[in-house]
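Observations on chain architecture
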Amino acid sequence: MDRFLNTNLKLPYCKGCGHSLILKALANALEEINVDPLKCVIVTDIGCVGLADRYLKTHTVHTLHGRSTAIAAGIKMAENIEGEDIKVVVLIGDGGATIGLLHLVEAARMNIDINILLHNNFLYGMTGGQHSSFTPVGFKTRTTPLGNPFPSIDIISLLDSVKAPFLARTLAQDKNLKEIIKEAISFKGFSLVEIVEICTGYGARFNKIDKKTVEEILEKEGKKLGIIKKEYMEYIFEKDRKEYKEPEIYFIEEKYETDLKEDFSILIAGSAGEGVQFASEILAKSAISSGIYVTQKNDVPITVSSGFSVSELKFSKKEINYTGIEKPDFVLITSNDGFLRIKEKLKKWNTKVIVDESIKEIDGIKRNFRKFQNIRSGINISAISFFLKINPFIPFEAFFESLKKYGEEIIDVARKSYEDEF
Amino acid sequence: MKTFISGSEAIGYSAIKGGIRFYAGYPITPASGIYAYMIENLPKVGGFAIGASDEISAISYCIGASMRGIKSMTATSAPGFSLMIESISYALMTETPVLIVLCQRMGPSTGAATTSSQGDIFFSIFSNSGGYPLPLFSPSSIKDAFKTTIHAINVSEILRTPCILLTEKEITMTYETIDEKDIDLPNVLERKYFEGNDFKTYDFKNLEDVPLFSPVGGKYRVMLTGSAHDKEGYLKKDDPEVIEVLKHLNEKIVKNIEKFNIYEYYEGEKNLIITYGVTSKSAFDAFKKLKNVGLLIMKLLYPVPKNFLKEIIKKYKKIFVVEENLTGQYAEILKMEGVLNEENLIKINKIGDLISPSEIINFIKENG
């Protein structure tokens, strides 16, 4: 025990509290499986359970309430980068397990190789004996004076439902406590041991309780004792290091020329999911390949494939700072959603409009862009191709080349629209 | 050659170049682009990126990984940042470096997810219980994000503190053309590790010293805690050393931050524009067209580098602080810190859309 626990110090727990038994059993278990204390991190939650750090000789991390499991998971996940395998044990109470329940579910679901010792004494001890979500039905606490009316969380069933590979339940006073902890810690993968105990300070104050009544409570709640599940599962985050590759920036070759004289801007208003942003990006890239600076500012509602989608593009021979457009030089409207979005502003702008012929409310150059709606991004590629015919500030080949890798069908849309074949 | 790149990609790219090897995220507009970039690119450099079940898990995973010495980062916007606050305080208290990219969107609560804003200055500065400072940096453009992201990671590592990189939807979700020669990555700085005898988790001689780091699972026994503690990491309350540690947490940041100040300054004559973040771009356009006006673009927002700022502003009559929020939050911070006062400060504010150069020009012409 001495290798892991500072036995010169008196443990801080109340007389008869299970926490002392668990801490000693843990120290003995670690000693018997013969791990190096410096290859072991014990992560403690808030509550009486979190007083353990100073008595331990391992690395210790005392966390926020409920977050012990998530911090421990992070410590363990780092092994996918760092490589060295260390033991990570979490000491958490039923209060911590209540507030941090999702962290337990996630660690179990992802099969993070950490070991959880859940000290369940049916209540929040440190703060004065309030009930937790693990308080059994009928159990009296300071905050359930008539007896807790709600069913308690069965953590074993809950974690079993997300395929936790190792699950056990025992009593703090059970003789096999150390053996169960040993087996859990030795297990490769996520393991949780729920250790049921009596809070001598508060549990025993409000309830007539001893080892026998605890066993009766568990039986009544259908909670079995012992190692309930032990099925080795492949660790999910096996190191998957393919070729080492630094992140790259994709530069665009400048092989076309432009006769752009003055800065200008266009606004493309259409429907989300119809390729407004994509078509704008293709135009932007083709302008860059012609030596122009471009910015693209996008406006969408929260939804992804419904409602409007607006892209604002600015073109200049010089670097652009402000990316907003106060009054666009050209407006392309490719759907009614887009029209409705900019309708009010359009009245103020008095600008050149290219618009799908389905929109009757406004004047402008009209074409049937929407006839290409069955081809992915067809509508907006069509509108931009047609725009390039009217305003040929870059060679059409530049646009064509940026589009090339997206297939014959879309290139055909671009060619027809550029030739004004609607 | 030039690239067409979003702010999300620029931040993700430079974060990896700056040594980030661990990322945990949760999807939220306008930060999701960074999450996507890290999931795609971190594994290729032997790093690890994971989707968490919520922002509390995301920041907790990052803190755990950083405790093992891995440079860690997450990105979110205000609703997610709200969930992270308790854990960011924990990282501050345990002196655990971590970078939090806070991508601002408009309004309180869920607000307007796809509308830009600079409304989270107060929120990020005053997010810690006890009144402890977090370094707050803000890139002034996509081009600048390459520099400022790495700088923020460096400061986080060198000062052993969580750092916030404050940006906006109009940076992360906008695309710009950037010249290859303008991509300028600063040197990467590393956390200082302890070697020797008598290791203490939070050891320091002078209050402003940064304790030398050792990872959990490493060769020295580490005791990390979010509770009040002494230099060894023992939870204590009525002990002079605990008060010393708490003072150290403040001084470590405020006494050292001025040497990590980053900014762009264009000297003028009569009046000065101070701005930051995406608004810098409009302010720069306005500055070029205005006469007698200087421009100061701040990238270190907090703690305020007071000496530096006071030195600069003393020659100007009026100071126009331009920012995209309702009440001029950064201006208020500068006032609170004694850099500006009622006499010289004029705020230019707007919400709902970027402040345009002509709005700045007109305002200054009328009020200058």
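The model shown is predicted, which means the values in this text are computed figures rather than measured ones. (Residues numbered from 1 in each chain as written. Chains lettered and ligands numbered in written order. Predicted model: local features only at pLDDT ≥ 70, side-chain atom pairs only at ≥ 80, totals over all residues.)

1. Remarks on the overall build of chain A
Counting secondary structure elements, chain A contains 14 helices and 16 strands. Against the compact-globule benchmark of 22 Å for 422 residues, chain A has a radius of gyration of 33 Å, which places it well outside the compact range. Taking the principal axes of its C-alpha atoms as reference, chain A extends roughly 90 × 50 × 35 Å. A total of 422 residues make up chain A; the buried ones form 49% of that total. If you take every contact in chain A between residues at least 6 apart in sequence, the share linking residues at least 24 apart comes to 69%. (Helix = DSSP H or I, 4+ residues; strand = E, 2+ residues; numbered from the N terminus. Rg over C-alpha atoms; globule rule 2.2 N^0.38 Å. Buried ≥ 20, exposed ≤ 12 C-beta atoms within 10 Å, placed from the backbone. Contact = placed C-beta atoms within 7 Å.)

2. Some words on the packing of helix 9 (residues 279–289) of chain B against helix 12 (residues 357–367) of chain B
All names here are of chain B. Viewed as axis vectors pointing N to C, helix 9 and helix 12 meet at an angle of 50°, and their least axial separation amounts to 8 Å. As the angle between them shows, helix 9 and helix 12 are arranged oblique. The handedness of the crossing between helix 9 and helix 12 is right-handed. On the side of helix 9, the interface is formed by Ser282, Ala283, Asp285, Ala286 and Lys289, while helix 12 contributes Pro357, Ile360 and Ile361. Residue composition of the contact of helix 9 with helix 12, grouped by class: five nonpolar, one polar and two charged. (Axes fitted to C-alpha atoms, helices over the stretch in contact; angles between N-to-C directions. Parallel < 35°, antiparallel > 145°, perpendicular 65-115°, else oblique. Left-handed = near helix turned anticlockwise from the far one by under 90°. Nonpolar A, V, L, I, M, F, W, Y, C, P; charged D, E, K, R; others polar.)

3. Things to note about the sheet that holds strand 11 (residues 263–266) of chain B
Residue and element names in this part refer to chain B. A sheet is described by the order of its strands in space; here five strands give the open sequence 11-13-12-15-16, paired in mixed fashion. For this open sheet the edge positions go to strand 11 and strand 16 (345–349), each flanked by a neighbour on one side alone. Pairwise comparison of adjacent strand axes, ignoring direction, gives a mean angle of 20° for this sheet. Direction of pairing for strand 15 (residues 319–323) relative to strand 16: parallel, over a ladder of five bridges. Pairing of Phe320 across the sheet is with Ile346, part of strand 16. Relative to strand 12 (residues 271–276), helix 9 is tilted by about 155°, and along the sheet it contacts strand 11, strand 12, strand 13 (293–298) and strand 15. (Pairing = 2+ DSSP bridges.)

4. Description of the nonpolar core
Counting 230 residues, the largest nonpolar core has A:Leu117, A:Ile181, B:Tyr61, B:Cys62, B:Val101 and B:Leu301 as its most contacted members. Ignoring any residue separated from it by four or fewer positions in sequence, one finds B:Leu301 in contact with B:Ile121, B:Leu136, B:Phe137, B:Ser138, B:Leu166, B:Tyr276 and B:Tyr330. (Core = buried A, V, L, I, M, F, W, Y, C linked by C-beta atoms within 7 Å.)

5. Comments concerning the packing of helix 12 (residues 378–390) of chain A against helix 14 (residues 408–418) of chain A
Residues and elements named next belong to chain A. Close contact between helix 12 and helix 14 brings their axes to 7 Å; oriented N to C, the two are set at 35°. In the packing of helix 12 onto helix 14, the handedness of the crossing is right-handed. Here Gly378, Ile381, Ser382, Ser385, Phe386, Leu388 and Lys389 of helix 12 come into contact with helix 14, specifically with Ile410, Val413, Ala414, Ser417 and Tyr418. By residue class, the composition of the contact of helix 12 with helix 14 is seven nonpolar, four polar and one charged.

6. Description of the domain arrangement of chain B
Much of the literature gives interface size as the accessible area that the parts lose upon coming together. Residues and elements named next belong to chain B. Along its sequence, chain B is carved into domain 1 (2–182), domain 2 (192–260) and domain 3 (261–367). On the side of domain 3, 24 residues touch domain 1, which itself brings 23 residues to the contact. A per-class count over the side of domain 1 that touches domain 3 returns 10 nonpolar, 11 polar and two charged. (Domains from an automatic or database assignment.)

7. Quick notes on the domain arrangement of chain A
Here chain A is described as being made up of domain 1 (18–230) and domain 2 (264–418). For domain 1 of chain A and domain 2 of chain A, the distance between their C-alpha centres works out to 59 Å.

8. Overview of unusual backbone geometry
Here the amide bond leading from B:Thr29 into B:Pro30 is cis, since omega sits at 0°, within 30 degrees of zero. Inspection of the secondary structure assignment puts B:Pro30 in the loop between strand 2 (22–25) and helix 2 (32–41). A cis geometry characterises the amide bond from B:Tyr302 onward to B:Pro303, with omega recorded as -10°. Along the polypeptide, B:Pro303 turns up in the loop between strand 14 (300–302) and helix 10 (306–313). The backbone of A:Asn111 shows a phi angle near 50°, a positive value even though the residue is not glycine. By the secondary structure assignment, A:Asn111 is in the loop between helix 5 (101–109) and strand 4 (115–120).

9. Quick word on helix 11 (residues 336–349) of chain A
Residues and elements named next belong to chain A. Compared with an ideal rise of 1.5 Å per residue, which puts 14 residues at 20 Å, helix 11 spans 18 Å between its outermost C-alpha atoms and is within 8% of the ideal. Against strand 11 (264–271), strand 13 (308–316) and strand 14 (330–333) lie the buried residues of helix 11. Two residues or fewer past helix 11, Asn350 is found with a positive phi of approximately 55°. (Expected span 1.5 Å × (residues − 1).)

10. Some details on the interface of chain A and chain B
Between chain A and chain B, the contact holds 59 residues from the first and 63 residues from the second. Secondary structure elements with two or more residues in the side of chain A that touches chain B: strand 2 (59–62), helix 2 (68–77), helix 3 (79–82), helix 5, strand 10 (251–252), helix 10 (276–288) and strand 12 (293–299) of chain A. Considering only residue class, the side of chain A that touches chain B consists of 28 nonpolar, 13 polar and 18 charged. In this sheet, strand 1 (residues 2–6) of chain B lies alongside strand 10 of chain A in antiparallel orientation, the contact comprising two bridges. Of the residues in strand 1 of chain B, the one forming a bridge with A:Phe251 is B:Thr3.

11. What to know about the confidence of the model for chain B
With 100% of its residues at a pLDDT of at least 70, chain B reaches an overall mean of 97. Under the prediction, the complex receives an ipTM of 0.97, its pTM being 0.97. (pLDDT = per-residue confidence, 0-100.)

12. Remarks on the environment of B:Gly226
Mapping B:Gly226 onto the fold places it in the loop between strand 10 (223–225) and helix 8 (240–254). Linking B:Gly226 and B:Glu332, residues 106 residues apart in sequence, is a C-alpha distance of 31 Å. Setting aside its immediate chain neighbours within four residues, B:Gly226 contacts A:His62, A:Thr63, A:Leu64, B:Tyr90, B:Met93 and B:Thr94.

13. Quick word on the sheet that holds strand 15 (residues 352–356) of chain A
Taking strand neighbours across the sheet as the criterion, the nine strands line up as 10(A)-1(B)-9(B)-12(A)-13(A)-11(A)-14(A)-15(A)-16(A) in an open arrangement whose pairing is mixed. On the outer flanks of this sheet lie strand 10 and strand 16 (365–367) of chain A, each paired with one strand and no other. In this sheet, strand 9 (residues 175–179) of chain B lies alongside strand 1 of chain B in antiparallel orientation, the contact comprising five bridges. Bridge assignment links B:Ile5 to a residue of strand 9 of chain B, and that residue is B:Glu176. Lying on the sheet, helix 11 of chain A is in contact with strand 11, strand 13 and strand 14 of chain A; it crosses strand 11 of chain A at an angle near 135°.

14. Observations regarding the pairing of strand 4 (residues 72–76) of chain B
Residue and element names in this part refer to chain B. For strand 4, the buried fraction is high: five of the five residues fall into the buried class. Pairing of strand 2 with strand 4 involves two bridges; the strand directions are parallel. Looking at the pairing, Tyr23 lines up with Met73 of strand 4. Strand direction decides the pairing type here: strand 4 and strand 5 (residues 98–106), joined by four bridges, are parallel. For Thr74, the partnering residue across the bridge sits in strand 5 and is Ile100. Between strand 4 and its parallel partner strand 5, the chain crosses via helix 4 (residues 78–94), and the hand of that crossover is right-handed. (Right-handed = clockwise from strand over helix to strand, strands pointing away.)

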